[in-house]
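Architecture at a glance
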Amino acid sequence: MKKKLMVVDDSRIMELQICKLLEDSDFEVVAYCENGEEAIARYAEIQPDVVTMDIIMPGIDGLETAQVLLEEYPEAKILMVSSLAYEDTIQEADRIGTRGFLYKPLSREKLIEALENTLA
(Lines give C-alpha, C1' and ligand atoms only; values in the text may rest on other atoms or scores of the structure.)
Protein backbone atom coordinates (compact mmCIF):
# COMPACT_ATOMS: atom_id res chain seq x y z
CA MET A 1 0.00 0.00 0.00
CA LYS A 2 1.34 3.42 -0.95
CA LYS A 3 2.31 5.95 1.73
CA LYS A 4 0.09 9.04 1.77
CA LEU A 5 1.88 12.34 1.23
CA MET A 6 0.51 15.82 1.89
CA VAL A 7 2.38 18.58 0.04
CA VAL A 8 2.32 22.03 1.67
CA ASP A 9 3.80 24.61 -0.68
CA ASP A 10 2.54 27.89 -2.14
CA SER A 11 3.77 26.77 -5.57
CA ARG A 12 1.44 24.49 -7.50
CA ILE A 13 4.41 23.75 -9.77
CA MET A 14 6.25 22.18 -6.81
CA GLU A 15 3.26 19.93 -6.08
CA LEU A 16 3.16 18.82 -9.72
CA GLN A 17 6.92 18.21 -9.70
CA ILE A 18 6.68 16.07 -6.54
CA CYS A 19 3.83 14.06 -8.11
CA LYS A 20 5.95 13.44 -11.20
CA LEU A 21 9.06 12.51 -9.19
CA LEU A 22 7.06 10.00 -7.14
CA GLU A 23 5.50 8.16 -10.09
CA ASP A 24 5.98 4.38 -9.67
CA SER A 25 7.21 4.80 -6.09
CA ASP A 26 5.83 3.75 -2.70
CA PHE A 27 4.51 7.30 -2.15
CA GLU A 28 1.39 9.02 -3.44
CA VAL A 29 0.40 12.68 -3.13
CA VAL A 30 -3.10 12.57 -1.63
CA ALA A 31 -3.43 16.25 -0.73
CA TYR A 32 -2.01 19.62 -1.74
CA CYS A 33 -2.24 22.64 0.56
CA GLU A 34 -1.07 26.02 -0.68
CA ASN A 35 -0.57 27.53 2.78
CA GLY A 36 -0.10 26.66 6.42
CA GLU A 37 -3.64 27.48 7.46
CA GLU A 38 -5.02 24.99 4.94
CA ALA A 39 -2.55 22.30 6.07
CA ILE A 40 -3.59 22.72 9.71
CA ALA A 41 -7.29 22.65 8.79
CA ARG A 42 -7.00 19.51 6.61
CA TYR A 43 -4.41 17.39 8.46
CA ALA A 44 -6.91 15.39 10.56
CA GLU A 45 -9.11 14.72 7.52
CA ILE A 46 -6.18 13.58 5.33
CA GLN A 47 -4.14 11.71 7.98
CA PRO A 48 -1.03 11.63 5.79
CA ASP A 49 1.87 9.30 6.51
CA VAL A 50 4.26 12.16 5.75
CA VAL A 51 4.10 15.91 5.01
CA THR A 52 6.48 17.93 2.85
CA MET A 53 6.52 21.51 4.13
CA ASP A 54 7.83 24.58 2.33
CA ILE A 55 9.23 27.24 4.67
CA ILE A 56 8.44 30.51 2.93
CA MET A 57 4.69 30.85 2.30
CA PRO A 58 2.12 33.62 2.63
CA GLY A 59 0.35 33.74 5.99
CA ILE A 60 1.97 31.53 8.57
CA ASP A 61 5.29 30.12 7.40
CA GLY A 62 6.28 26.47 7.25
CA LEU A 63 8.13 26.47 10.58
CA GLU A 64 5.12 27.84 12.44
CA THR A 65 2.80 25.46 10.59
CA ALA A 66 5.03 22.50 11.50
CA GLN A 67 5.07 23.58 15.12
CA VAL A 68 1.25 23.81 15.28
CA LEU A 69 0.83 20.43 13.56
CA LEU A 70 3.32 18.73 15.89
CA GLU A 71 1.65 20.23 18.97
CA GLU A 72 -1.76 18.93 17.81
CA TYR A 73 -0.48 15.70 16.23
CA PRO A 74 2.80 14.62 17.90
CA GLU A 75 2.95 11.59 15.59
CA ALA A 76 3.10 13.81 12.46
CA LYS A 77 6.13 13.19 10.27
CA ILE A 78 7.21 16.41 8.57
CA LEU A 79 9.97 16.88 6.00
CA MET A 80 10.96 20.52 5.46
CA VAL A 81 11.61 21.39 1.80
CA SER A 82 13.08 24.75 0.83
CA SER A 83 15.49 26.52 -1.46
CA LEU A 84 16.24 29.21 1.12
CA ALA A 85 17.58 27.77 4.34
CA TYR A 86 20.24 28.90 6.70
CA GLU A 87 21.80 26.92 9.53
CA ASP A 88 19.58 28.63 12.12
CA THR A 89 16.47 27.74 10.08
CA ILE A 90 17.49 24.09 9.93
CA GLN A 91 18.22 24.10 13.67
CA GLU A 92 14.82 25.66 14.37
CA ALA A 93 13.10 22.99 12.25
CA ASP A 94 15.00 20.33 14.19
CA ARG A 95 14.08 21.92 17.52
CA ILE A 96 10.39 21.97 16.55
CA GLY A 97 10.56 18.24 15.85
CA THR A 98 10.51 17.95 12.06
CA ARG A 99 12.14 14.82 10.71
CA GLY A 100 14.44 16.19 8.04
CA PHE A 101 15.38 18.87 5.56
CA LEU A 102 15.56 18.73 1.78
CA TYR A 103 16.89 21.46 -0.50
CA LYS A 104 15.17 22.48 -3.73
CA PRO A 105 15.54 21.71 -6.57
CA LEU A 106 14.50 18.13 -5.90
CA SER A 107 15.66 14.94 -7.54
CA ARG A 108 13.69 11.69 -7.49
CA GLU A 109 16.44 9.84 -5.63
CA LYS A 110 16.92 12.47 -2.92
CA LEU A 111 13.17 13.00 -2.45
CA ILE A 112 12.40 9.30 -2.01
CA GLU A 113 15.39 8.81 0.29
CA ALA A 114 14.36 11.80 2.43
CA LEU A 115 10.73 10.59 2.62
CA GLU A 116 11.86 7.10 3.65
CA ASN A 117 14.16 8.59 6.32
CA THR A 118 11.31 10.79 7.57
CA LEU A 119 9.15 7.69 8.10
CA ALA A 120 11.96 5.60 9.68
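For the structure, see preceding data.
The paragraphs below set out a description of the structure included in this document. Here, residues in each chain are numbered from 1, in the same order as that chain's written sequence. pLDDT decides what is reported in this predicted model: residues at 70 or higher carry local features, side-chain atom pairs at 80 or more are listed and counted, and totals for whole chains, interfaces and linings draw on all residues regardless. Side-chain metrics in this entry use all non-hydrogen atoms of the structure; hydrogen atoms and water are not considered.

1. Considerations on the sheet that holds strand β1 (residues 3-8)
Strand order in the open sheet made by the five strands is β2-β1-β3-β4-β5, with parallel pairing throughout. The sheet is open, and its two edges are formed by β2 (27-33) and β5 (100-103), each paired on a single side. Across the sheet, the mean angle from the axis of one strand to that of its neighbour is 25°, orientation sign disregarded. For strand β4 (residues 78-82) and β5, the ladder comprises four bridges, and the chain directions are parallel. Residue Val81 lies in a different strand from β5, and its bridge partner there is Leu102. Contact criterion: two residues are considered in contact whenever any of their non-hydrogen atoms come within 4.5 Å of each other. To get an axis, fit a line to the C-alpha atoms, keeping to the stretch in contact for a helix; angles then go from 0 to 180 degrees between the N-to-C directions. Here a helix means four or more residues in a row that DSSP labels H or I, a strand means two or more in a row labelled E, and each is numbered from the N terminus. Together, β1, β2 and β3 (50-54) form the strand contacts of helix α1 (residues 12-21), whose direction differs from that of β2 by roughly 170°. Sitting on the sheet, helix α2 (residues 36-46) touches β1, β2 and β3, and the angle it makes with β2 is about 135°. What makes two strands pair is DSSP finding at least two bridges between them.

2. Comments concerning the pattern of salt bridges
Put simply, a salt bridge is a Lys or Arg side-chain nitrogen that is within 4 Å of an Asp or Glu carboxyl oxygen. Per the counting criterion, the structure on display carries five salt bridges. The residue Lys104 makes a salt bridge to Asp54 at a minimum N-O spacing of 3.4 Å. Separated by 50 residues along the polypeptide, Lys104 in the loop between β5 and α5 (108-119) and Asp54 in strand β3 bring together distant segments of the chain. With a relative accessible area of 19%, Lys104 lands in the buried category. Each of Asp9, Asp54 and Lys104 takes part in one network of salt bridges that share partners. Exposed residues in this analysis have more than 50% of their type's maximum accessible area, buried residues have under 20%, and partly exposed residues fall in between, with area computed by a 1.4 Å probe over protein chains only.

3. Quick notes on a negative patch on the surface
Each patch is built from salt-bridge-free residues with over 30% relative accessible area, joining like charges within 9 Å and nonpolar side chains (Val, Leu, Ile, Met, Phe, Trp, Tyr) within 5 Å. Under the convention used here, a 1.4 Å probe and the Shrake-Rupley method define accessible areas, while residue burial counts only the protein chains that appear. Positive charges come from Lys and Arg, negative ones from Asp and Glu, while His and the chain ends are left out of the count. Note on charges: their place is set at NZ of Lys, CZ of Arg, CG of Asp or CD of Glu. Where like charges cluster on the molecular surface, the negative patch consists of Asp26, Glu109, Glu113 and Glu116. Tracing the backbone shows Asp26 in the loop between α1 and β2.

4. Details of unusual backbone geometry
The linkage connecting Lys104 with the following residue, Pro105, adopts the cis geometry, with an omega of -5°. Note on placement: Pro105 falls in the loop between β5 and α5. One non-glycine residue with positive phi stands out, namely Asp24, at about 60°. With respect to the helices, strands and loops of the structure, Asp24 is situated in the loop between α1 and β2.

5. What to know about the packing of α2 against helix α3 (residues 62-72)
Between α2 and α3, the least distance of the axes is 9 Å, while the angle of their chain directions is 15°. Taken together, the axes of α2 and α3 lie roughly parallel to each other. As α2 packs across α3, the resulting crossing turns out to be right-handed. Here Gly36, Ala39, Ile40 and Tyr43 of α2 lie close against α3, whose contacting residues are Thr65, Val68, Leu69 and Glu72. Note on angle classes: values under 35 degrees are labelled roughly parallel, values over 145 roughly antiparallel, values of 65 to 115 roughly perpendicular, and the remainder oblique. Should the near helix be turned anticlockwise from the far one by less than a right angle, the crossing is termed left-handed; should it be turned clockwise, right-handed.

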